[in-house]
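Next come the chains, spelled out residue by residue.
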Amino acid sequence: MADPSSYRPRPGEIPDSPGVYRFRDEHRRVIYVGKAKSLRQRLANYFQDLAGLHPRTRTMVTTAASVEWTVVSTEVEALQLEYSWIKEYDPRFNVKYRDDKSYPYLAVTMNEEFPRVQVMRGHKKKGVRYFGPYAHAWAIRDTVDLLLRVFPVRTCSAGVFKNAARTGRPCLLGYIGKCSAPCVGRITPEDHRELAEEFCDFMAGRTGTYLRRLESRMTEAAEEMEYERAARLRDDIGALKKAMEKNAVVLADATDADLIAVAEDELEAAVQIFHVRGGRVRGQRGWVTDKVEDVTTGALVEHALQQLYGEESGDAVPKEVLVPALPEPVEPVQEWLAGRRGANVSLRVPQRGDKKALMETVQRNALQALALHKTKRASDLTTRSRALEEIAEALDLDSAPLRIECYDISHLQGDDVVASMVVFEDGLQRKSEYRRFQIRGFAGQDDVRSMHEVISRRFRRYLAEKERTGEWADGEEATTGGGTALGNGGTPLTGDEAVPADGGTAATGGGTPPTDGGTAATGGGTPPTGGTAVPLTGTDVIDGALKDDDGRPRKFAYPPQLVVVDGGQPQVAAARRALDELGIDDIAVCGLAKRLEEVWVPGEDDPVVLPRTSEGLYLLQRVRDEAHRFAITYQRTKRAKRFRAGPLDDVPGLGDTRKQALIKHFGSVKRLRSATIEQIQEVPGIGRKTAETIAAALAGAVPAGPAVNTATGEIIEDEEPETTAGSAGEPVSAGLPDERRGQET
């Protein structure tokens, strides 16, 4: 526990201007981010007598080991930079709203030639129109089922669409009138897009005009005695009204607004949001947060606005936002919202009428959400605490292992050997810290050697990070085996692959994953450390806020209290030996064997047997199973990638887009191999140098054998076009597996 006076800036160092500040712990991990109109006045509040601080603020300042700040020009820039840093670093002491689930949206993919209506979750994509969020996916499907009768827009996946186009037969919805069947040409792309736009207009609340148009057409059909058409229009009107009834009118003036309510106690707060479009409630969502600092309701509202609109723009930010209390000051927040929308946004507290009544309804929902969350979490917190205490007691640890790392090895008969590292903090998954490894030190199947290699590589990186950041005491050095000092110039640390928790692209071969650590470089220069202020322009806030000291976040900077390996005594001994070789003796090691669920510890001939009803054993099983799942998923991905590999994959600098263009132009790898350099240059994006590289690579590859019809056994002559593997009766190349799969497009 640090003394705040040990890192308190000297008088006069802190500027009296707007800015954003960061507290870091002893590992240089950002633990709190805040903004202030006056940095001098705000930071002075943290360095007063500890007895006068809020308990959570006191915990934060005693956990921290340093404080930094960045000066900005305006309070709006401070708001933007604070949001960026909270998103980047995920500080443990900041207010973070936890979505209790992934809310589904009704999405219309207007970025496709034939727009598709579907249920979507997760991050929003460019060119897709979203409506919602909804509480349940079935609510979306019920609404869509009613509207497809009137707006028969495509709902099928890309695979179903392509298959229907190939066979010339639409799916069932095309036969029953709930799809206009663009896959078989029943409707032009322009008419189908117009249909999708009408669907979006209806979902956006512009319902009156369309209903009046249908009623007029129904009346005309009846007057012309076209009673069947009039009956269909009557049923269409009924379906639309039934869909509208699912969203009752709550504001008579067809208002577009978001209503935000907060329910809080001393420890936690729950936020509920109602999305009102065209006077109707179109969506609802909720968040829960720990109050890790002493915050007002206005501050909670400000954090909720950042969470809600930080990634939004345009009409996704409504004209009006109704809140229970205004942030202080409110002007920068209003200016920020107007910048996100591109027009003025009214941020206010409703005082009377329908809006105040609806706000009371949202407030009741927030109170119920907080009560439900506290009921669930009371049991969950107790269970996790008991599990960690049981593990500490069983393994004779000094304290509960708040950070646990688990490792597992996966392979298929010695091929594609990989390893996984999963992290649990305070008994919960920390997916942003997951890592995966390729075993490259040797070939073949040897789980014990693989475990030794992985543990060695992981903790060499940890020691290298400690040396880089200067965390070792004077005269202390890390050694391996014979005492060679480790660090940036030590054993090559390649092959570690960082995997983001949100499912983003893995950075391989020394890539840099998103982590919480690191110092953000601001203003394009060296970041302020120890209280050096660096002025920022508006561009600097966005472009410079996400960089570390040397331009990359740290991967393996934080040590666990417990290392768990998937295996028995041999794997545990290998892990312990790897740590001993690195001179690390303050990290506990254990293994969990699958057969009898026995816990093995180094140097013991007999395992530790935890009761089957033990919460500690259950937590270890969860950690082990998660490591196994993560490892086998990666192993299958590598194996599938190897099976799909073809001769074009060996051409340096040739990406997927140009590979597909080559196959589309020539029809097959076999024809591409026989093409001249000039013919290869005819493909868009292929220059002479690339064409020469392609020709040289294909000339060195083993050519495929003749194509064979799998149904008849007939050899297809060379003049027949080659096709990819498909259903029975289609010609398939009889060459090497890699060659055949390389032809797929």
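A quick note: this is a predicted structure, and the numbers were derived from the prediction, not measured. (Residues numbered from 1 in each chain as written. Predicted model: local features only at pLDDT ≥ 70, side-chain atom pairs only at ≥ 80, totals over all residues. Heavy atoms only, no water.)

This brings us to the sheet that holds strand 1 (residues 19-24). The sheet built from 3 strands is open, its strands ordered 2-1-3 with antiparallel pairing. Either end of the sheet is taken by a strand with one partner, and the two such strands are strand 2 (30-36) and strand 3 (66-71). Neighbour-to-neighbour, the strand axes of the sheet open up by a mean angle of 20 degrees, direction not taken into account. Strand direction decides the pairing type here: strand 1 and strand 2, joined by 6 bridges, are antiparallel. Bridge pairing links Arg-24 to Val-30 in strand 2. (Pairing = 2+ DSSP bridges. Helix = DSSP H or I, 4+ residues; strand = E, 2+ residues; numbered from the N terminus. Axes fitted to C-alpha atoms, helices over the stretch in contact; angles between N-to-C directions.)

This next bit is on the pattern of salt bridges. Between side chains of opposite charge, pairing is possible as soon as their charged atoms come close. What the rule picks out here adds up to 23 salt bridges. One salt bridge connects Glu-68 with Arg-22, and the closest N-O pair in it is separated by 3.0 Å. Taken together, the residues Glu-68 in strand 3 and Arg-22 in strand 1 connect sequence positions 46 residues apart. Across the pair, exposure class does not vary: Glu-68 and Arg-22 are buried alike. With a shortest N-O distance of 3.3 Å, Asp-580 and Arg-576 are connected by a salt bridge. Here the residue Asp-580 and the residue Arg-576 both occupy positions in helix 15 (residues 569-581), the gap between them amounting to 4 residues, near one helical turn. With relative accessibility at 47%, the residue Asp-580 sits in the partly exposed group. Taking the relative accessible area as the measure of exposure, Arg-576 reaches 16% and is therefore buried. A cluster of three or more residues bridged by salt bridges with shared partners is formed by Arg-29, Arg-403, Glu-405, Glu-425, Arg-430, Glu-433 and Arg-458. (Salt bridge = Lys/Arg side-chain N within 4 Å of Asp/Glu carboxyl O. Buried < 20%, exposed > 50% of the residue type's maximum accessible area, 1.4 Å probe, protein only.)

On to the pairing of strand 2, then. With 6 of 7 residues buried, strand 2 is to be regarded as a mostly interior element. Hairpin remark: strand 1 followed by strand 2, antiparallel, with 5 residues in the connecting loop; positive phi at Arg-28, about 65 degrees.

Here 3 strands make up an open sheet; going across it, the order is 6-5-7 and the pairing antiparallel. Taken across any chain shown, the strands that pair with only one partner, and hence form the sheet edges, are strand 6 (117-120) and strand 7 (129-131). Adjacent strand axes in the sheet meet at a mean angle of 35 degrees when their direction is disregarded. Pairing of strand 5 (residues 105-108) with strand 6 involves 4 bridges; the strand directions are antiparallel. Note on strand 6: the bridge partner recorded for Val-108 is Val-117. Against the sheet, helix 7 (residues 189-203) engages strand 5, strand 6 and strand 7, with an angle of about 150 degrees to strand 5. (Contact = heavy atoms within 4.5 Å.)

Attention shifts here to the confidence of the model for the chain. Low pLDDT marks stretches whose predicted atomic positions should not be read closely. Scored by pLDDT, the chain comes out at a mean of 75, with 76% of its residues at no less than 70. Counted against residues more than four places away or in other chains, residues 473-553, with its pLDDT under 50, gives 196 contacts. Below a pLDDT of 50 lies the segment residues 718-745, which in the model reaches 68 contacts outside its immediate sequence neighbourhood of four places, other chains included. (pLDDT = per-residue confidence, 0-100.)

Moving on, we get to the side chain of Ser-17. Following the sequence through the fold, Ser-17 ends up in the segment before strand 1. Classification of Ser-17 as buried rests on a relative accessible area of 17%.

Moving on, we get to the packing of aromatic side chains. Within the structure shown, the criterion is met by 12 aromatic pairs. On the numbers, 6.5 Å between centres and 40 degrees between planes, the contact of Phe-23 with Phe-47 is tilted. Remark: Phe-47 occurs in the loop between helix 1 (39-44) and helix 2 (55-63) and Phe-23 occurs in strand 1; sequence separation between them is 24 residues. Taking relative accessible area as the criterion, Phe-23 reaches 0% and is therefore assigned buried. In this structure Phe-47 comes out as buried when scored by relative accessible area, which is 9%. Site record: aromatic cluster; members linked through ring pairs are Tyr-7, Tyr-21, Phe-23, Tyr-32, Tyr-46 and Phe-47. Cation over ring: Arg-154 sits above Phe-161, and NZ or CZ is 4.8 Å from the ring centre. Over the ring of Phe-459 we find Arg-458; its NZ or CZ atom is 4.6 Å from the centre of that ring. (Phe/Tyr/Trp six-rings, centres within 6.5 Å; stacked < 30°, edge-to-face > 60°. Lys NZ or Arg CZ within 6 Å of the ring centre and 35° of its normal.)

To continue, consider a nonpolar patch on the surface. Where nonpolar side chains cluster on the molecular surface, the patch consists of Leu-172, Tyr-175 and Ile-176 and spans about 370 Å² of accessible area. As for its position among the elements, Tyr-175 is in helix 6 (residues 172-175). (Patch = residues over 30% accessible without salt bridge, like charges linked within 9 Å, V, L, I, M, F, W, Y side chains within 5 Å. Areas by Shrake-Rupley, 256 points an atom, 1.4 Å probe, with all protein chains shown as cover.)

This part is about the environment of Ala-44. Summarising the element assignment, Ala-44 is placed in helix 1. Residue classification places Ala-44 among the partly exposed positions, given a relative accessible area of 38%.

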